[in-house]
Amino acid sequence: MTMNAATKDLLEKRCRLLGRHAPLFYDEPLYVVRGEGVWLFDADDRRYLDVYNNVPHVGHCHPHVVEALARQAAKLNVHTRYLNENILDYAERLLSKFDASLSMAMFACTGSEANEIALRMARHWTGGAGIIVTDLAYHGNTTAVAELGTAFMPEARNAPNVKSIPIPDSYRALDGLGGQALGQAYADRVAGAIAEFTKEGIKFAGLLICPEFANEGLLDVPPGFIEKAVAHVRRAGGLYIADEIQGGFGRTGKHWWGHEWDGVIPDIVTLGKPMGNGHPISGVVARADLVDAFGEHGMYFNTFGGNPVSCATAMAVLDVIEDENLLDNAVTVGRYTAEGLRRLQTKYDLIGDVRDKGLFFAVELVKDRTTKEPAGAQTGQIVNAMRQKGVLISRIGRGDNILKMRPPMPFSKQHADLLLSTLDDCFAAL
Ligand SMILES: Cc1ncc(COP(=O)(O)O)c(C=O)c1O
C-alpha cells in the first residue's frame, strides 16, 4: 500500500477526531476533492470512474441541480410552517409518479428518519408493534430503525418487536426449491413470523422491506414472493412498507420505483439517498388516510425536512431524470453492462452469480460453484485492485463476497466498457 503524505495526515487526523471506528472504504483510503458526472477526482487530479455511488443520482455536481440549489439558497430558506410553493410543487410532481392510492407526502432529511416515520405511522394505524424484516436488513440508524438492522446492528438481536425472515434468495434457495414453490416457501416464513408474534401476544404492524433487497445482495426474488407475502401481511391487518431509499427514482430502469416490478402497491413508501443528489432530503409517500391519522395523533415537524432549498434541489433532480431520459438509459446501459458481466462469468469460475436490475449490479463470488462457499477474501482483493486501477466499486453480503455496483445514472456504454475491462484485468491478476 503506497499512501502519500497528505492521505496519511488526513487519516491520522480523522482517527484522532472521529475515532478509529468511523468506517472508510478501501485498504488505501481515497482522498477525493471534486466530482463531475460519473467521475471523482483525487488530490492529484487522478480521475476515478464511480460505479458505486447512487446518491449523486444524476451525476456528481450536476450543473442544473447545483444551480437550482444555489438560486433558492440565495432567495429564501425557512422551515415548512410557512406557506411556500416549492414543497407543494415538488410534492405534486413526486406524487404523480406513484399509484393514485399513494397520494400524500411527508418530508425529512435522511432515510433513517423516513423509515422512523413509516414505523410510527404503521404502529399507530394498526395499534400493533410487530415488524417483519429480512435477516440481512439495513434500514438506518435511529433507535427504532436500528432494531430492524439485522445485517450489522447489535440492537436487532434482542428486539422483541422485530422478527426476521430468510432473505428471499433464488441463488441460495431455501430447501433447494425453485420458481413459484420457492416464492411460496419464503412467503410462508412471513406467515410464520406473524403467527409467532400472535403467540407472544405482540400485535402485528407490518412488513418493511426494500423491494430490490439491495443490502441483502440485490436478490433475484423468487416469483410470487412479494405478492404472497403481502397477502399474508394484509390478512393479518398489517401494512406493507417499501423502503425505496436505495433503489428508487428509476435506478432499476423501466419503472420509477422498485415495487412497481412486483405489481403490489405498498401502503407506505420511504425515499431518500438519490432524492436530492447528495443534498439531505428524504420522504414518506403514503395513503392519505394513514397520513391524516398520523397527523391527528400528534404533530409532525422537521426543522429542515422539505425546506424550500431542499425541494428546489429535489425538483431539479426530477428535471434531469426526465430531460436526460435516465430511466431509458438505465435499461439500455444496464442490459449492456449485465451482458458484459455474464461474459466475465463464463471466463472466471470465481463468479458464481450475476444479478442486475437497471443500473444496479451484484456479482457474487464463490470458491466453488457447487458448494457456493463465499469467496470473501478474493472479493476484497478485487474491490481494492479496482480502486488502484481507477474504478470504484464495493462489496456486500453475509460472506462479504458480492461486488456491489450502482453508478450515477448518466453511466454510458463507454463507462461500462471501462468497468468491464478493468474487472477483467483484476480477475485475471488474482
Ligand atoms: C435500504 C436503506 N434504507 C435506509 C437507509 C438509511 O438511510 P440514511 O443513511 O439516509 O439514514 C439506507 C442507508 O444505507 C438504506 O440502504
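One can find the structure itself at the top, above this paragraph.
Described below are features of the structure shown in this document. (Residues numbered from 1 in each chain as written. Predicted model: local features only at pLDDT ≥ 70, side-chain atom pairs only at ≥ 80, totals over all residues. Heavy atoms only, no water.)

Taken together, Thr110, Gly111, Ser112, Asn115, Tyr138, His139, Gly140, Asn215, Asp243, Ile245, Gln246 and Lys273 make up all the residues around the ligand. Contact distances for the ligand include 2.5 Å between an oxygen atom and a side-chain N or O atom of Ser112. Interatomic distance of 2.6 Å between a side-chain N/O atom of Asp243 and a nitrogen atom of the ligand. Across the complex, the protein chains shield 84% of the 390 Å² of accessible surface that the ligand would expose by itself. Counting residues per element, the shell around the ligand draws most heavily on helix H4 (residues 111-126), at three residues. Grouping the amino acids of the shell around the ligand by side-chain chemistry returns two nonpolar, eight polar and two charged. (Near = heavy atom within 4 Å. Polar contact = N/O pair within 3.5 Å; in protein donor to acceptor, adjacent residues only side chain to side chain. Areas by Shrake-Rupley, 256 points an atom, 1.4 Å probe, with all protein chains shown as cover. Helix = DSSP H or I, 4+ residues; strand = E, 2+ residues; numbered from the N terminus. Nonpolar A, V, L, I, M, F, W, Y, C, P; charged D, E, K, R; others polar.)

Looking now at the pairing of strand E7 (residues 204-209). Judged by how many residues are buried, E7 sits mostly within the fold: six of six residues are covered. Between E7 and its parallel partner strand E8 (residues 239-243), the chain crosses via helix H7 (residues 225-235), and the hand of that crossover is right-handed. (Buried < 20%, exposed > 50% of the residue type's maximum accessible area, 1.4 Å probe, protein only. Right-handed = clockwise from strand over helix to strand, strands pointing away.)

For the rest of this paragraph, the subject is the sheet that holds strand E11 (residues 351-356). In spatial order, the strands read E11-E12-E15-E14; together these four strands make up an open sheet with antiparallel pairing. One side of each edge strand has no neighbouring strand; the edge strands of this open sheet are E11 and strand E14 (394-396). Strand-to-strand twist of the sheet, defined as the mean angle between neighbouring strand axes without regard to direction, takes the value 25 degrees. Sheet analysis places E11 next to strand E12 (residues 361-365), joined by five bridges and oriented antiparallel. Considered in E12, the bridge of Ile351 is made with Leu365. The sheet strands contacting helix H10 (residues 326-347) are E11, E12 and strand E15 (402-405), and the helix crosses E11 at an angle near 175 degrees. Relative to E15, helix H12 (residues 413-429) is tilted by about 160 degrees, and along the sheet it contacts E11, E12 and E15. (Pairing = 2+ DSSP bridges. Axes fitted to C-alpha atoms, helices over the stretch in contact; angles between N-to-C directions. Contact = heavy atoms within 4.5 Å.)

The next subject is helix H6 (residues 179-199). An ideal rise of 1.5 Å per residue puts 30 Å on 21 residues; H6 measures up with 31 Å between its terminal C-alpha atoms. The complete set of buried residues in H6 reads Leu182, Gly183, Ala185, Tyr186, Ala187, Val190, Ala193, Ile194 and Phe197. The inward-facing, buried residues of H6 contact strand E5 (130-134), strand E6 (162-165), E7 and H7. Looking at the residues trailing H6, positive phi occurs at Gly201, about 75 degrees. (Expected span 1.5 Å × (residues − 1).)

Right, let's talk about the packing of H4 against helix H8 (residues 288-297) for a bit. Two numbers describe how H4 lies on H8: the axes approach to 9 Å, and their chain directions differ by 90 degrees. The orientation of H4 with respect to H8, classified from their angle, is roughly perpendicular. Within the contact between the two elements, H4 uses Ile117, Arg120, Met121, His124 and Trp125 and H8 uses Asp289, Leu290, Val291, Ala293, Phe294 and His297. The residue inventory of the contact of H4 with H8, partitioned by class, reads seven nonpolar, two polar and two charged. (Parallel < 35°, antiparallel > 145°, perpendicular 65-115°, else oblique.)

Okay, the nonpolar core next. Counting 93 residues, the largest nonpolar core has Leu94, Phe249, Ile393, Met405, Leu419 and Leu423 as the members making the most contacts within it. Among the elements that take part in this core, H6 stands out by supplying eight residues, more than any other. Residue contacts for Met405: discarding those within four places in its chain leaves Val51, Leu341, Leu359, Phe360, Phe361, Val363, Ile393, Leu419 and Leu423. One finds Ile117, Leu119, Ile268 and Val291 within the second-largest nonpolar core, a separate group that totals 26 residues. (Core = buried A, V, L, I, M, F, W, Y, C linked by side-chain atoms within 4.5 Å.)

Tracing the chain through its elements places Thr313 in helix H9 (residues 308-323). If we skip the residues at most four places from it in the chain, Thr313 touches Val65, Leu69, Gly276 and His279.

Quick look at the packing of aromatic side chains now. Going through the model one piece at a time under the given rule, you end up with eleven aromatic pairs. With a centroid separation of 5.7 Å and 50 degrees between ring planes, the pair formed by Phe25 and Tyr26 is classed as tilted. For Phe25, a relative accessible area of 40% puts it in the partly exposed group. With a centroid separation of 6.4 Å and 85 degrees between ring planes, the pair formed by Tyr186 and Phe225 is classed as edge-to-face. Of this pair, Tyr186 sits in helix H6 while Phe225 sits in helix H7; the two residues are 39 residues apart in sequence, bridging distant segments of the chain. For Tyr186, a relative accessible area of 2% gives the class buried. Its relative accessible area of 1% is what places Phe225 among the buried residues. Through a chain of ring-to-ring contacts, three or more aromatic side chains come together here, namely Phe98, Phe249, Trp256 and Trp257. Taking the ring centre of Trp39 as reference, the NZ or CZ of Arg47 above it sits at 3.7 Å. A cation sits over an aromatic face here: Arg81 above Phe301, 3.7 Å from the ring centre. (Phe/Tyr/Trp six-rings, centres within 6.5 Å; stacked < 30°, edge-to-face > 60°. Lys NZ or Arg CZ within 6 Å of the ring centre and 35° of its normal.)

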